Amino acid sequence: PRSDCIAAEQLCLLDSTCNATYRILENCALAQTRFLPLDHDSRVRCLNAELDLGNSSLLHCKCHRRMKRQEHCLRVFWTVHSSMADGYFNLEASPYENPANEEHWKTDYNKLAALLSGKDCSQLAGDATNPCLKATHVCNLSKKCVRLRTDYASICTKGAGSEDMCDRRKCHRGLRNFFEKVPEDFTKRILFCPCQDELCGERRRKTIVPDCSFQSNVKPNCLLLLDSCLEDHICKSRLADFQQNCQPADMSPDGCSQHSHAACLQAYMGMIGTPMTPNYVSNASVEVSLWCTCESSGNQKEKCDQILGMFENNKCL
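What you see is a predicted model, and the numbers here were worked out from it, not measured in a lab.

(A) Inspection of the overall build of the protein chain at higher detail. On a plain count of helices and strands, the protein chain comes out with 15 helices and two strands. A burial count over the protein chain gives 46% of its 317 residues as buried. Of the contacts formed within the protein chain by residues at least 6 apart in sequence, a portion of 71% connects residues at least 24 apart. Summed over all atoms, the accessible surface of the protein chain reaches about 16,500 Å², with 51% contributed by carbon and sulfur.

In structure tokens:
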């Protein structure tokens, strides 16, 4: 049975054989993180160490996006799966466990939405035509939702528009906090609210405070964005989750290889607050993209287009 990777690591370190194998894999993962090319013997040693783990719980462990010490758990996962990241853009498996449906969260949202509809309608003018505004009003009735939304909004708007003053790292952490700790029924409705006009679309596009979290003065190359993502355990994990759950399939009627749009949307939300944060490209459409370009990619143009295409032309997403 799958265990979480922190518990699996503790068990492994108590066993001398497993401990020795794990130490080899730590060195392999370190080289991978630093993009150090491994010679043939080292690669063989790394692959053999991974095979030596056999059916141990360490090889089959997973992490939860909402768990404590999440970064530690992800570090363990990528230590034992370091050879998987050997391709340039080939993270084959997500380190995240599929979350169980927590129905009581939906009840919380529906209760608060019902409470809201009973209020004086004159106070909520525009709710009917602006679902994004309504989703925000419902969030404001939840203590946790409004607190964490206010937290990231205040961090991300400090010095918005001035790159020197906007602390993107803190802004990203605040966004991840919001999307991890607030029930999905709130966050999904705020981020994916259906819009009929540009005013609503503008509110939706600005949900993540793009001046700080998304845009910069110059669009970087998407390959550089990917490199910075692969150096970060959380970003790399979210990207693997996104690749697994939003993998398009042309022959599939729903466009998804995993046949779960809900899992794809959750994986998309997981990318927000990482170096590869996506967002809506305009107020008038639901098209999303990364803030990067594939110009001047040289002989890696195809790889770069593939990265951008995962967001821009993804039928599953």
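(B) The arrangement of helix α9 (residues 184-191) in detail. With respect to burial, α9 is a largely interior element, six of its eight residues being buried. Residues of α9 that are buried: Glu-184, Asp-185, Phe-186, Thr-187, Ile-190 and Leu-191.

(C) Up close: the packing of aromatic side chains. One pass over the structure, following the stated rule, counts six aromatic pairs. Geometrically, the ring pair formed by Phe-242 and Phe-311 is stacked, given 4.5 Å between the ring centres and 5° between the ring planes. Within this pair, whereas Phe-242 is found in helix α13 (residues 233-245), its partner Phe-311 is found in helix α15 (residues 301-312), the two being separated by 69 residues in sequence. In this pair, the class of Phe-242 matches that of Phe-311, namely buried. Among the aromatic residues, ring-to-ring pairing joins Tyr-152, Phe-178 and Phe-179 into one connected group. A cation over an aromatic ring shows up here: Arg-65 above the ring of Tyr-96, its NZ or CZ 4.8 Å from the ring centre. One Lys or Arg, Lys-236, reaches over the ring of Trp-78 and ends 4.5 Å from the middle of that ring.

What counts and how
Residues numbered from 1 in each chain as written. Predicted model: local features only at pLDDT ≥ 70, side-chain atom pairs only at ≥ 80, totals over all residues. Heavy atoms only, no water. Helix = DSSP H or I, 4+ residues; strand = E, 2+ residues; numbered from the N terminus. Buried < 20%, exposed > 50% of the residue type's maximum accessible area, 1.4 Å probe, protein only. Contact = heavy atoms within 4.5 Å. Areas by Shrake-Rupley, 256 points an atom, 1.4 Å probe, with all protein chains shown as cover. Phe/Tyr/Trp six-rings, centres within 6.5 Å; stacked < 30°, edge-to-face > 60°. Lys NZ or Arg CZ within 6 Å of the ring centre and 35° of its normal.

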